[in-house]
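Spelled out, the chains give:
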Amino acid sequence: MTLLQLDGVSVRFGGRAVVDRVDLAVAAHETVCVLGPSGSGKSTLLRVVAGLQPVSAGRVLLDGADQAAVPVHRRGVGLMFQDHQLFPHRDVGGNVAFGLRMRGSARTAYRPRVAELLDLVGLPGAQGRAVASLSGGEQQRVALARALAPSPRLLMLDEPLGQLDRGLRERLVVELRELFSRLGTTVLAVTHDQGEAFALADRVIVMRDGRIAQAGTPLEVWQRPADRFVARFLGFENVVPATVSAGAAATPWGTVPVPEGSSEGERQLLVRPAGVHLVRDGLAAVVESRTFRGTHVALRLRPEAGPALEAECALAAAPAAGDRVHVAFAPAEVVVLAAEAPDTP
Ligand SMILES: Nc1ncnc2c1ncn2[C@@H]1O[C@H](COP(=O)(O)OP(=O)(O)OP(=O)(O)O)[C@@H](O)[C@H]1O
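Residues numbered from 1 in each chain as written. Predicted model: local features only at pLDDT ≥ 70, side-chain atom pairs only at ≥ 80, totals over all residues.

As recorded by an unreviewed UniProt entry, the chain carries the name ABC-type quaternary amine transporter and is attributed to Streptomyces subrutilus.

Right, dumping it as structure tokens:
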């Protein structure tokens, strides 16, 4: 069942479409992450759904009902932003209870609910603690408990873990995913961090200049980026123009084998770093740099033809910076992308 539906939603500021004819459906119990570079319109999209930003065109429906005339506090959506979210003069319990008080619950009724929410986010018994005494991660949990307190039908998160260090973010994202699936919460989150989006989401929406560049499961988007923009945004560097025919692509690096059934013609080609193999005989290259990545070594190679190449190799087999190597391409790690759009940078 569709909980949230956007039909042709546009937001214009001074004639510029910051959100441009976006269609999106979020099913009940689904977690959707909107991903995109700074300025692509992610936060504006959330504000539209919350009712904080009027649309220039299009409709927002929740449970099938048009929200045009529904004010923010009647939409039944919870919002959690990355900063300035807790009231410093209230204790933890007071912060969590805020959402319930706003809904008009009686004081006696919300005490057990606050305790339950703090248990849920892993801070049992923290009601009386001062906000200032909490670590960044604990504050984030309290903010989450507060957003969940009124049992919103849709929970919206804007860069929920943006301020936290990487290790903590990685742990919290796993906890959030477990929590949302346990509670059956429907979530619309925005982030510019693909790792976070991929770890959290059932479905990822990649935005570019106010439009949806690609929508799909994390695996689909990762395995088959729609175009050069999405591939580059996901951090893939090895993308070149190519002419594809008969199972191979003519590229600036020479001939690259492509997977069976790939579309033919003028295309863009992505070679994942794992598909650049060091071999005895092949395209000659010099190792510009090597970076230890824990499970493997990432190499940056300067080939004798074509742009720089990123490669991955096992620790034991890794060449040193300055070494001369030869590479070949593995078709399983090659993706034929759509042709370049005329306005692609
Ligand atoms: N009230 C406003 N008036 C004019 N321009 C605005 C307004 N709000 C947002 N914008 C512009 O709209 C564009 C999209 O902003 P938005 O905050 O939605 O992007 P974002 O993808 O969330 O970016 P970030 O990741 O940096 O938060 C930006 O260029 C921003 O400057």
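Trainee: Sorry, what's going on with the overall build of the chain here?
Mentor: Helix and strand content of the chain: eight helices and 20 strands. Viewed in the frame of its principal axes, the chain has a C-alpha envelope of about 75 × 45 × 35 Å. Counting only residues that meet the buried cut, the chain has 37% of its 345 residues in that class. Long-range contacts, defined as pairs at least 24 residues apart, comprise 65% of the intrachain contacts of the chain with a sequence gap of at least 6. (Helix = DSSP H or I, 4+ residues; strand = E, 2+ residues; numbered from the N terminus. Buried ≥ 20, exposed ≤ 12 C-beta atoms within 10 Å, placed from the backbone. Contact = placed C-beta atoms within 7 Å.)

Trainee: I tried to follow the site of the ligand on my own but got confused; where do I start?
Mentor: Lining the immediate surroundings of the ligand are Phe13, Val18, Gly36, Ser38, Gly39, Ser40, Gly41, Lys42, Ser43, Thr44 and His192. The element contributing the most residues to the shell around the ligand is helix H1 (residues 42–50), with three residues. Residue classes in the shell around the ligand are distributed as two nonpolar, eight polar and one charged. (Near = placed C-beta within 6 Å. Nonpolar A, V, L, I, M, F, W, Y, C, P; charged D, E, K, R; others polar.)

Trainee: What is the right way to read the environment of Asp119 from this model?
Mentor: With respect to the helices and strands, Asp119 occurs in helix H3 (residues 107–120). For Asp119, a count of 13 C-beta atoms within 10 Å translates into the label partly exposed. With 26 residues separating them along the chain, Asp119 and Ala145 place their C-alpha atoms 9.3 Å apart.

Trainee: Quick question: what am I supposed to make of helix H5 (residues 166–183) here?
Mentor: What sets the pattern is the α-helix's 3.6 residues per turn: residues three or four places apart point alike. Here H5 contains 18 residues, and its C-alpha end-to-end distance of 25 Å stays within 8% of the 26 Å for a straight helix at 1.5 Å per residue. The secondary structure elements touched by the buried residues of H5 are strand E3 (31–35), helix H4 (136–148), strand E8 (187–191) and helix H6 (194–200). Just downstream of H5 lies Gly184, where phi reads positive at about 70 degrees. (Expected span 1.5 Å × (residues − 1).)

Trainee: Even after reading the chapter, I still don't get the confidence of the model for the chain, so can you show me in this structure?
Mentor: Close inspection of predicted coordinates is inappropriate in any region flagged by low pLDDT. Averaged over all residues, the pLDDT of the chain equals 91, while 96% of them reach at least 70. Confidence metrics for the complex model read pTM 0.87 and ipTM 0.95. (pLDDT = per-residue confidence, 0-100.)

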